[in-house]
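Now for the letters of each chain:
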Amino acid sequence: MKKRPFVAGNWKMNMTAPLVRAWFEEWIRLSPGTEEAETIVCPPYTALGEAARRAAGTAVRLGGQNLHWEDSGAFTGEVSGPMLVDAGCRFVIIGHSERRQYFGETEATVQKRIAAALRAGLRPIVCVGETLAQREADRTLGVIQAQLEGGLAGFTPETIGGLIFAYEPVWAIGTGRTATPEQAQVVHRAIRDRLAQKIGNPAAGCVIILYGGSVKPANACDLFRKPDIDGFLVGGASLEAAAFGEIVKESIRSYKEVN
Ligand code: PEP
């Protein structure tokens, strides 16, 4: 049995209040048929207020794109878990490759952010993924394993079982070059196997593992058919409510076919 599709949109550093308003107006028009999926959007901090107002009365839930590991204090420019909760978030993306690439994110900071998110009652979406050079050097699974080991150090099996993971090959993010369903499935399986060693088989089977990297309506159905792909983390295509809605609907189509 496949799990119900889980589709999260990462708006990155895009969207102001008028655009958020327009996005939700379009979403409300197009959303019939998306009810069987869990849908999340992760707006930039400044758009969370508008997104929370517009999402009220829809099934869309909100996530942050990052959080600081302290709950409050003298950390100019940072946003904490309790602040995200206050703004209406239930989820938070942690360890996105853009944070790793441009903002010094490491396994140690990923681990601290996961702890902070859990303290605040947020559900972390923990991102892992290899660069093109690492894939070409046949290091993909080793890199993913190291990211999991470092990021998850010290957490109990119960805690790990409640996390959401996103496999996002860096070479596929924003490039239009998607991993094939087969390439993605190999890594998703490896992540689940690694989790099974930590938390046992039945619990690992229940963990949501998303794929991210140039997901579009045209490739969502084939990717979702793979047994260990439980949904998507979508960047560029989530900025258009219509494309995001189509990805959700394609996932549901595939879900119904498989179950
Ligand atoms: C992302 O940034 O998480 C992502 C998957 O981006 P895109 O869909 O644009 O490749």
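Source: prediction; values computed, not measured.

(A) Local environment of the packing of aromatic side chains. Counted under the stated rule, the structure contains 9 aromatic pairs. Geometrically, the ring pair formed by Trp23 and Phe24 is edge-to-face, given 4.9 Å between the ring centres and 70° between the ring planes. Phe24 gets classed as buried once you look at its relative accessible area, which sits at 1%. Grouping aromatic residues by their ring pairs yields a cluster made of Trp11, Trp23, Phe24, Trp27 and Phe244. It is Arg99 that lies over the ring of Phe103; its NZ or CZ is 4.2 Å from the centre.

(B) Expanded view of the site of the ligand. Lys12, Glu168, Gly174, Ser214 and Gly235 are the nearest of the 14 residues found near the ligand. In this structure, an oxygen atom belonging to the ligand sits 2.8 Å away from a side-chain N or O atom of His96. One of the side-chain N or O atoms of Glu168 is found 2.7 Å from an oxygen atom in the ligand. Isolated, the ligand exposes 290 Å² of accessible area, and the fraction of that covered by the protein chains is 95%. Along the lines of polarity and charge, the residues of the shell around the ligand split into 4 nonpolar, 8 polar and 2 charged.

(C) Spotlight on the packing of helix α7 (residues 140–152) against helix α9 (residues 181–199). Two numbers describe how α7 lies on α9: the axes approach to 10 Å, and their chain directions differ by 40°. Put simply, α7 runs oblique to α9. Crossing of α7 over α9 shows right-handed handedness. Taken together, the residues of α9 that come into contact with α7 (itself represented by Thr140, Leu141, Ile144, Gln145, Leu148, Glu149 and Leu152) are Val187, Ala190, Ile191, Arg194, Leu195 and Lys198. Looking at the contact of α7 with α9 residue by residue, the class counts come to 8 nonpolar, 2 polar and 3 charged.

(D) Just the pairing of strand β3 (residues 61–64), in detail. Sheet topology places strand β2 (residues 38–42) next to β3; 2 bridges connect them, and they run parallel. What sits directly across from Val41, in β3, is Leu62. Handedness of the β-α-β unit built from β2, helix α2 (residues 48–55) and β3 comes out right-handed. Note that β3 and strand β4 (residues 89–94) share 3 bridges and pair parallel. Bridge assignment links Gly63 to a residue of β4, and that residue is Phe91. In terms of handedness, the path from β3 via helix α3 (residues 81–86) over to β4 forms a crossover that is right-handed.

(E) Region of interest: the side chain of Asn219. With respect to the secondary-structure elements, Asn219 resides in helix α11 (residues 217–224). Residue class for Asn219 comes out buried when judged on its relative accessible area of 16%. With residues near it in sequence (within four places) discarded, Asn219 still touches Thr178 and Ser214.

(F) Main features of helix α12 (residues 241–258). Look at α12: 26 Å from first C-alpha to last across 18 residues, which is about the 26 Å you get at 1.5 Å a residue. Listed as buried for α12 are Ala241, Ala243, Phe244, Gly245, Ile247, Val248, Glu250, Ser251, Ile252, Ser254 and Tyr255. Residues of α12 that are buried in the fold lie against β1 (6–10), α1 (17–30), β2, α11 and β8 (231–234).

(G) Spotlight on the pattern of salt bridges. The final tally for this structure, using the stated rule, is 23 salt bridges. The partner of Arg189 in a salt bridge is Asp228, with the nearest N and O atoms 3.3 Å apart. Taken as a pair, Arg189 in helix α9 and Asp228 in the loop between α11 and β8 lie far apart in primary sequence, 39 residues in all. Using a relative accessible area of 35% as the deciding quantity, one classes Arg189 as partly exposed. By relative accessible area, which is 4% here, Asp228 ends up buried. The shortest N-O distance in the salt bridge between Arg225 and Glu257 comes to 2.8 Å. Taken together, the residues span a long stretch of sequence, with Arg225 in the loop between α11 and β8 and Glu257 in helix α12 at a distance of 32 residues.

(H) Highlighting the sheet that holds β4. Strand order around the closed barrel formed by 8 strands is β1-β2-β3-β4-β5-β6-β7-β8, with parallel pairing between neighbours. Put simply, the sheet's adjacent strands are angled 25° from each other on average, direction ignored. Strand contacts of α7: β5 (123–128) and β6 (164–167), with the helix running at about 150° to β6, the strand carrying the most contacts.

Cut-offs and rules
- Residues numbered from 1 in each chain as written.
- Predicted model: local features only at pLDDT ≥ 70, side-chain atom pairs only at ≥ 80, totals over all residues.
- Heavy atoms only, no water.
- Phe/Tyr/Trp six-rings, centres within 6.5 Å; stacked < 30°, edge-to-face > 60°.
- Buried < 20%, exposed > 50% of the residue type's maximum accessible area, 1.4 Å probe, protein only.
- Lys NZ or Arg CZ within 6 Å of the ring centre and 35° of its normal.
- Near = heavy atom within 4 Å.
- Polar contact = N/O pair within 3.5 Å; in protein donor to acceptor, adjacent residues only side chain to side chain.
- Areas by Shrake-Rupley, 256 points an atom, 1.4 Å probe, with all protein chains shown as cover.
- Nonpolar A, V, L, I, M, F, W, Y, C, P; charged D, E, K, R; others polar.
- Axes fitted to C-alpha atoms, helices over the stretch in contact; angles between N-to-C directions.
- Helix = DSSP H or I, 4+ residues; strand = E, 2+ residues; numbered from the N terminus.
- Parallel < 35°, antiparallel > 145°, perpendicular 65-115°, else oblique.
- Left-handed = near helix turned anticlockwise from the far one by under 90°.
- Contact = heavy atoms within 4.5 Å.
- Pairing = 2+ DSSP bridges.
- Right-handed = clockwise from strand over helix to strand, strands pointing away.
- Expected span 1.5 Å × (residues − 1).
- Salt bridge = Lys/Arg side-chain N within 4 Å of Asp/Glu carboxyl O.

This is a description of form; function is not addressed.
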